[in-house]
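# Residue-level structural notes
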Amino acid sequence: MRALIVVLVLVGLLAAGPAANSVVDPTPSLPIEHLVFVMQEDRTFDNYFGTYPGAEGWPEGFTMPIDPSDPSAGTAEPYNLDVTRTPSLPHSTAAMKMAMNDGAVDSFVAAATEFGASDGTLALGYYDSEEIPLYWGLADRYVLADHWFSSVAGPSFPNHLYAYTASRTSTDGTKVYNSVPEEGLEIITIFDRLQDAGISWKVYVQGYDPESNFRSAEARLGLTDQAAQLIWVPLVGIPRYVDDPQYSSKIVDIDQYYEDLRQGVLPAVAFITPSGLSEHPPGDLQLGHYFATDLLEALMFSEHWESSAFVITWDEWGGWADHVPPPQVDEDGYGVRVPALIVSPFAKRGFVDSTIYDHTSPIALINTLYGLDPLSTRDAAANDLTNAFDFEQEPRPPELPPVEYVPPGFEAPTDNTRPIVVAYSVVFGTTLLGFVLANIRRRTS
Amino acid sequence: MTPSELRPWWKAPRTSVITLTITTLILRFWSIGLLGLNSDEAVYTGQGASLAGLAPFTEHFSIFRAHPLLFQYVVAAVVRVHFWDTAGRWVAAAFGLGTLWVTFRLTERLASRRSAWIATGFLAVMPYHVVVSRQALLESPMAFFMALTMYALIRYQDNQTFRSALGIGAAAGLAFLSKETAIIVLLSIGIFVALRGSWKTSRIALGLVTFGFVISPHLLSSLSGSSAEGEGGSGWANYLLWQLSRPPNHPASFYLSNAFHYFGPAMLFLAGLGVVWLIVKEGRRTDRSVLLLAWAGVPALVFQLYPVKGYHYLIPVAPAAAIFAAIGVTALGSWLRAAHVQEEIAIRAVNWSIGLSLAGAIFVSAINGPIVLNYDRIGEAGYSGLPGVRDLTRWISEDTPAGSRFLGIGPSITNVIAFYSDRETLALSVSPNPLRRNPAYEVVRNADYDVRWGQYEYLIYDGYSAQRTSHFANRVLDLADRYSTEVAYQSEGTFVAEDGEPFIGPIFRVYRVAPIGSTIIDEDEE
């Protein structure tokens, strides 16, 4: 009986704590020894890849009503934005609810106008290879996911939270909405799982400020330079990640990412969060796109490239339109479709992956790699990105896309040498023959 | 001497022929591929590979650039069979050998067989001709065809045949097809015809028509290049405009100060004697005097007046200079006899002058050309190739990702990296003023912004460009200081700079550009 009690107590302890895993093998089951996950800000798939060939972008002749409740208001069509800085569109939860229009996804313009945009049709603006050549170049060479949805039909914070925890439910069962509570969050993250399993991890933050956490009133009020850190890095809203050195020491500045790559000590799982270069309007998206691809370049230049996967996505819609209705998987989401790129020496070349993913898919991949237990029903059900890879292929050497976009299959026009070669052949041959004949004739005469 | 009195060259003393042949071959081919190509060589060999349709050269080396393509055409024929980087040097050296043959035949006609051997011997070991004809440059074939033009001209003077008139036009046309500056050969011909000719108009017309026919491929490629001109403006007209508006790059004394280096002092002395002899004794009264002085004088004058100076521009003068020196030997003997110097002493003096000329020239040729046992005696930076460039470009090919972009000091390094490593490299010193830049090169308009935002993965400093433009060299170092944290590649070495002083230091240093967002940049902004 005592033995049974002991067993039950042990089982109870295992089930209750962060370390919900049984025995974990720290060796990945696939040749991805390093997963780098980057989350930029506020873009939809159609905003970045709406005209990308072969992906599910803007349908031919697509238009959106200016005001679905008033057909006389007319329609607007998507248009190419030739500026890389725009105002930030309204993108609150309420604005999204209106934009989605109960699944019709036809009210982005109306929602933007309703919630304060001076020109609601800006929501239909999109970019292409002119403005984001490196992203398009990566899509050509690696994998573009065209059915990756933000996890929550809501703003940044819950979407980032899902990327770390696969839920937004505290351990006491309360729902977390758009901010961190004053006392901090109690929630199990993927890094708890990794920590318990002895698998290395780090979170790299651009311009990391350890003082900007849930205890900082200024940060909570958005008064510090790094106030966004509290939203974009949910770990600093969790007391143990702030107070316990075995956790807090693994949240570091972005410089450490480059240093770790240089020293060959990149952890098995690395999450990266930007600061000023997040592509969040009104910032210059082109600079953000340079920043994000530079993170990848650093990986490409390192010894870790051959065993790595680099995943970049965008946290939420930012008020931009997307024409694909998100599947409803639970009460939280999915939210609006966002772009995602998967880059790896094992990535399929130029592959548009239409598998349904969301921000918990990287967690699902980590679970697959290390046999970890799911954090929630979300990551348990999420597709784990393996469709983007071909592990039978030889690891591909790194390939940087050009800063000026070149479409796949495009061959730079080379000189038409044939007429020149023919002309030189005629003249050179004739002259040579003339010299030879003249010489022979002179000798014989 | 009449043509019937000429003996075939192979009837010269066997020992002399063998010695001369071995020396010539050693000086021209020994270690010819020791150093990697310099910028111009990379362009011409790259164009040859483009003509042969070889990737990736077709992407980097347009055939529509400033010059005609005869040399590149011959290189294309070679590399189509088998490609190696220094194929162009072998082609140039072969043309150099051809020039020796023409010089022999011409001198035989103008002076004597003995003088022909002396002139050919002088040219065979002349440092200037050895160094230039060992490089994959357009000048070696140009010098060959200009010499051939002179040979055809003197033959026409002898026989006045239709065939020889055709030969003049064809040879002059091929000289032009080698490099367009050979157009000056028409001026030399004109002077000769004006002073010595009694030519029929029909023969002159025939020569000109032949010339026009032979140069027609260049007209075709010029028109094609102009019609293929993109927004970069690399059409033929732009090249011409650029060539004509280039600012001086060397002092006016450039050629004169290099004369010793070109010929060696003894040969220079003999050539001077020959020139004086021809002017004083023969003036415009003999064909050979007018021919040689026009042949050598026109390029010397034109390139002296042309503001842009180049080490190899005067190579068409080299065969004439060798013949002058051979005539100088004769002149020396005559003057010594006229001065009643004892016969035995006169003979010894002449023989010593020949021996010293040959020995001095061989010595200078050897240390500048084939016998480069280390990298510290290669003469003016880069003219015999770039030490260390193969190691650098191998590193680039093997250790940098495909698509990496480099930013360097000057365009020289861009051609070399494109040739060997298939990587795009831009240069800071390329002028934004279209009149001041080669239309083939792309302008870097805002280097600071581009480097700051990761549009280059590497900054490259090279010692050769640095000793030409310290301003842009410092600019690269400044950018490296601001945006780089590590030296990814470095090679040290020594070479003789353009000012004649030894350059000791980094020949190549490649900086990895620091990642965007790292604090090195943020601190710098503050």
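About the cut-offs
Each chain has its residues counted from 1, running along the sequence as written. Chain A is the first chain written and ligand 1 is the first ligand written, with later ones labelled in order. Local features in this predicted model are restricted to residues whose pLDDT is 70 or higher, and side-chain atom pairs enter the listing and the counts only when it is 80 or higher, whereas totals over whole chains, interfaces and linings include all residues. Runs of H or I in DSSP of at least four residues are treated as helices and runs of E of at least two as strands, each being numbered from the N terminus. Three exposure classes are used. Buried residues have 20 or more other C-beta atoms within 10 Å of their own C-beta, exposed residues have 12 or fewer, and partly exposed residues fall in between, all C-beta atoms being placed from the backbone. Once C-beta atoms have been placed from the backbone, residue pairs whose C-beta atoms lie within 7 Å are recorded as contacts. DSSP bridges decide pairing: two strands pair if at least two such bridges lie between them. Nonpolar core, as used here: buried Ala, Val, Leu, Ile, Met, Phe, Trp, Tyr and Cys residues forming one set through C-beta atoms within 7 Å. The source of the domain bounds is an automatic or database domain assignment. Expected helix span is taken as 1.5 Å per residue step, with the number of steps being one fewer than the number of residues. To get the bend at a given residue, fit one axis to the seven residues ending there, fit another to the seven starting there, and take the angle between those axes. Three residue categories are used. Nonpolar comprises Ala, Val, Leu, Ile, Met, Phe, Trp, Tyr, Cys and Pro, charged comprises Asp, Glu, Lys and Arg, and polar comprises the others, including Gly. In this analysis, axes come from line fits to C-alpha atoms, helices being fitted only over the stretch in contact, and the angle between any two N-to-C directions falls in the range 0 to 180 degrees. Any angle between 65 and 115 degrees counts as roughly perpendicular, while under 35 counts as roughly parallel, over 145 as roughly antiparallel, and the rest as oblique. Crossing chirality is assigned from the near helix's rotation relative to the far helix, an anticlockwise turn below a right angle marking it left-handed and a clockwise turn marking it right-handed. Per residue, pLDDT measures the predictor's confidence, with a range of 0 to 100.

What follows is about the overall build of chain B. Looking only at helices and strands, chain B features 24 helices and five strands. For chain B, buried positions account for 52% of its 526 residues. The long-range fraction of contacts in chain B, counting pairs at least 24 apart against all pairs at least 6 apart in sequence, stands at 74%.

Another aspect to go through is the overall build of chain A. Across its full length, chain A holds 16 helices and 13 strands. With the principal axes as the frame, chain A shows a C-alpha extent of 125 × 65 × 40 Å. Among the 445 residues that make up chain A, the fraction classed as buried is 51%. Counted over contacts in chain A with a minimum sequence separation of 6, partners at least 24 positions apart contribute 73%.

All names here are of chain A. Burial analysis of strand β6 (residues 143–149) places seven of its seven residues in the buried class, the great majority of the element. In terms of strand pairing, β6 meets strand β11 (residues 337–343) through five bridges, oriented antiparallel. In the sheet register, Phe149 faces β11, and the bridge partner there is Arg337. Pairing between β6 and strand β12 (residues 351–353): three bridges, direction parallel. Residue pairing across strands places Ala145 opposite Asp353, the latter belonging to β12. Of the strand pairs in this sheet, β6 and strand β13 (residues 357–358) are connected by two bridges, and their pairing is parallel. By the bridge assignment, Trp148 is partnered in β13 with Tyr357.

Moving on, we come to the nonpolar core. Residue and element names in this part refer to chain B. Core analysis: the largest hydrophobic core is formed by 158 residues, its most contacted members being Phe122, Met126, Ala325 and Leu459. The residue makeup of this core includes at least three contributed by each of domain 1 (3–368) and domain 2 (389–525). In contact with Met126, other than residues within four places in its own chain, are Phe263, Met267, Ala318, Ala322 and Ala361.

Moving on: helix α16 (residues 287–305) of chain B. One full turn of an α-helix is made of 3.6 residues, so residues set three or four places apart face in the same direction. All names here are of chain B. End to end, α16 covers 26 Å across 19 residues, agreeing with the expected 27 Å (1.5 Å per residue, within 8%). Of all the bends in α16, the greatest reaches close to 25° and is centred on Gly297; the proline Pro299 follows between one and four positions later. Along α16, the positions that sit buried rather than exposed are Ser289, Val290, Leu291, Leu292, Leu293, Ala294, Trp295, Ala296, Val298 and Pro299. Where α16 is buried, its residues contact α8 (139–159), α10 (185–196), α15 (265–282) and α17 (317–338).

Once that is clear, we can look at helix α5 (residues 133–141) of chain A. Of all nine residues making up α5(A), eight are buried, and the element is well covered by its neighbours. Within α5(A) the residues assigned to the buried category are A:Leu134, A:Tyr135, A:Trp136, A:Gly137, A:Leu138, A:Ala139, A:Asp140 and A:Arg141.

The interface of chain B with chain A comprises 38 residues on the first partner and 34 residues on the second. Where the side of chain B that touches chain A is concerned, the elements lending two or more residues are α2 (39–51), α3 (57–60), α4 (70–81), α9 (162–178) and α11 (201–227) of chain B. The biggest single contributor to the side of chain B that touches chain A is α11(B), with seven residues. Partitioning the side of chain B that touches chain A into residue classes produces 19 nonpolar, 15 polar and four charged.

Attention now goes to the packing of α8(B) against α16(B). All names here are of chain B. For the pair α8 and α16, interaxial distance at closest approach is 11 Å and the crossing angle is 155°. Comparing their axes, α16 and α8 come out roughly antiparallel. You can see that α8 and α16 cross each other, and the crossing is right-handed. For the pair α8 and α16, the contacting residues are Met150, Leu153, Ile154 and Gln157 in the first and Asp287, Leu291 and Trp295 in the second. In the contact of α8 with α16, the residues fall into five nonpolar, one polar and one charged.

Residues and elements named next belong to chain B. Relative orientation of the contacting elements helix α5 (residues 87–110) and α17 amounts to 40°, with a least axis distance of 10 Å. Classified by the interaxial angle, the pair formed by α5 and α17 is oblique. Relative to α17, the crossing made by α5 is right-handed. Between α5, through Thr99, Thr103, Thr107 and Leu110, and α17, the contact on the second element is made entirely by Pro319, Ala322, Ile323 and Ala326. Residues that form the contact of α5 with α17 fall into these classes: five nonpolar, three polar and no charged.

In low-pLDDT regions, the fine details of the predicted coordinates are not to be read closely. The pLDDT averaged across chain A works out to 89; a share of 91% of its residues lies at or above 70. Low pLDDT, under 50, characterises residues 6–20 of chain A; the stretch is placed with seven contacts to residues that sit more than four places away or in other chains.

Residues and elements named next belong to chain B. For chain B, the average pLDDT comes to 82, and 85% of its residues sit at 70 or higher. The least confident element of chain B is helix α24 (residues 519–525), whose mean pLDDT is 43; the most confident is α5, at 95. Predicted confidence is poor over residues 1–10, with pLDDT under 50, and the contacts of this stretch with residues over four places away or in other chains come to six contacts. Confidence drops under pLDDT 50 across residues 370–382; counting only partners more than four residues distant or on other chains, this segment forms 34 contacts.

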